[in-house]
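Chain residues, written in single-letter form:
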Amino acid sequence: MRQPYIAGNWKMHKTIAETLSTIMALRKDLDKSGHKVMIAPPFTSLQAAAEALKGSSILLGAQNMAAEEQGAHTGEISVLMLKDAGAGVVILGHSERRSLYKEEDSLINKKVLLALKHALPVILCVGETLTQREQGQVEKVVGEQVEKGLAQVGAENLKMVTIAYEPVWAIGTGKNATPEDADAVHAFIRGLVGKLYSKQAAEDLIIQYGGSVKPDNVKALMSMPNIDGALVGGASLKPETFVPIVEFNK
Ligand code: PGA
């Protein structure tokens, strides 16, 4: 049985004070959640968030990471710094990193390998654009992102990897893939991981869906056999919407 894993990506939102008040509100409802829950505030809030999450089962994530351990990389944040600040997960390859900051699969793969080298679990995001979907290229695009993103990741480290399927056209747009369409891509990813690794690795892999997940559509998504969790953007910013998403089965 795969444990449901719901993650909140706060993107470039919330000051330290806002982070702390949101965490206080979330802890009231989610400290005893039977699901795996993660929130990823901006870098500047990580340390304060780590303090505020002491004793909570809510995991702390970062939204990105440099591809190098240290050095002359102005403006970048390293894996060592993330761990030092208290992050226990990192989101890599988010479509906003790919499209706005031109991150390519080879760079994302470098980051994945570096995070795993430092035992920092990863959420690797993949997903096609609307044009790619309309041209019938979903499996080609997503397959390549998965294969290149996981290049040289050993079987023993795959358990530290979660994949988030986020169709780019569904992120922040209010449009979401139908549960059936999303599940078909999840099944494809699982099959591919089965070929690249093993049947057992594919069976154990957590695949989150992301893109306009809301309290009113999460249940249908989570009822699909290959959807094991959600990576939530906009609706993760407020406890009123994030808590019901995490508690989708209550
Ligand atoms: P959204 O974002 O839920 O606001 O669509 C999802 C994401 O970018 O991870």
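Refer to the preceding data block for the structure.
Just so you know, these numbers come straight off a predicted model, no measurement behind them. (Residues numbered from 1 in each chain as written. Predicted model: local features only at pLDDT ≥ 70, side-chain atom pairs only at ≥ 80, totals over all residues. Heavy atoms only, no water.)

1. Considering the sheet that holds strand S4 (residues 89-92)
- Strand order around the closed barrel formed by eight strands is S1-S2-S3-S4-S5-S6-S7-S8, with parallel pairing between neighbours. Between one strand axis and the next, the sheet turns by 25° as a mean value, whatever way the strands run.
- Judged from the three bridges that link them, strand S6 (residues 161-165) and strand S7 (residues 207-210) form a sheet pairing that is parallel. Note on S7: the bridge partner recorded for Ala 164 is Gln 208. (Pairing = 2+ DSSP bridges. Helix = DSSP H or I, 4+ residues; strand = E, 2+ residues; numbered from the N terminus. Axes fitted to C-alpha atoms, helices over the stretch in contact; angles between N-to-C directions.)

2. Points about the pattern of salt bridges
- Evaluated as defined, the whole model comprises 15 salt bridges.
- Across the pair Arg 133 and Glu 128 runs a salt bridge whose closest N-O atoms are separated by 2.7 Å.
- A network of salt bridges, in which partner residues are shared, links Arg 2, Arg 190, Glu 203 and Asp 228. (Salt bridge = Lys/Arg side-chain N within 4 Å of Asp/Glu carboxyl O.)

3. Structural notes on the pairing of S7
- Residue alternation in S7 divides its side chains into two sets, Ile 207 and Tyr 209 and Gln 208 and Gly 210, and both sets are buried.
- Summarising the sheet, S7 and strand S8 (residues 229-232) pair through three bridges and their orientation is parallel. Within S8, the position partnered with Tyr 209 by the bridge is Ala 230. (Buried < 20%, exposed > 50% of the residue type's maximum accessible area, 1.4 Å probe, protein only.)

4. Let's talk about the side chain of Asp 228
- Counting through the fold element by element, Asp 228 comes out in the loop between helix H10 (218-222) and S8.
- On the accessibility criterion, Asp 228 (6% relative accessible area) is buried.
- With sequence-adjacent residues up to four places away left out, Asp 228 is seen in contact with Arg 2, Gln 3, Pro 4, Tyr 5, Arg 190, Leu 205, Ile 206, Ile 207 and Met 222. (Contact = heavy atoms within 4.5 Å.)

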